[in-house]
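# Remarks on the overall topology
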Amino acid sequence: MTDDRLTQLEETVSHLTRQVEELNDVVARQDTELSTMAHRVKMLMEREAQRENAGTGGVILGDERPPHY
């Protein structure tokens, strides 16, 4: 193997290593964000379930009259 070819392979490996590290950082950040969002969705679902059980917060559909009429 020539020195030029070896140098080219080392540069390629270095470049790929940097890309893998950057992608790993992105995936780790996205995992944290997804965990946070999943927790928030769970909290909202629980809050909505409590609201439904309490009988408040109904949705008014189309031509349905609001409850204060």
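Note: the structure precedes this text.
This section reports on the structure supplied with the text. (Residues numbered from 1 in each chain as written. Predicted model: local features only at pLDDT ≥ 70, side-chain atom pairs only at ≥ 80, totals over all residues. Heavy atoms only, no water.)

### Description of the overall build of the protein chain
Helices and strands together make up the secondary structure of the protein chain, namely one helix and zero strands. Among the 69 residues that make up the protein chain, the fraction classed as buried is 0%. For the protein chain, the exposed surface amounts to about 6,700 Å²; the carbon and sulfur share of it is 55%. (Helix = DSSP H or I, 4+ residues; strand = E, 2+ residues; numbered from the N terminus. Buried < 20%, exposed > 50% of the residue type's maximum accessible area, 1.4 Å probe, protein only. Areas by Shrake-Rupley, 256 points an atom, 1.4 Å probe, with all protein chains shown as cover.)

### Observations regarding the pattern of salt bridges
A full pass over the atoms with the stated rule returns three salt bridges. Across the pair Glu22 and Arg18 runs a salt bridge whose closest N-O atoms are separated by 3.9 Å. Residue Glu22 and its partner Arg18 are located together in helix 1 (residues 3–54), separated by four residues, close to a single helical turn. The exposure class of Glu22 is partly exposed, given its relative accessible area of 44%. Judged by its relative accessible area of 43%, Arg18 falls in the partly exposed class. (Salt bridge = Lys/Arg side-chain N within 4 Å of Asp/Glu carboxyl O.)

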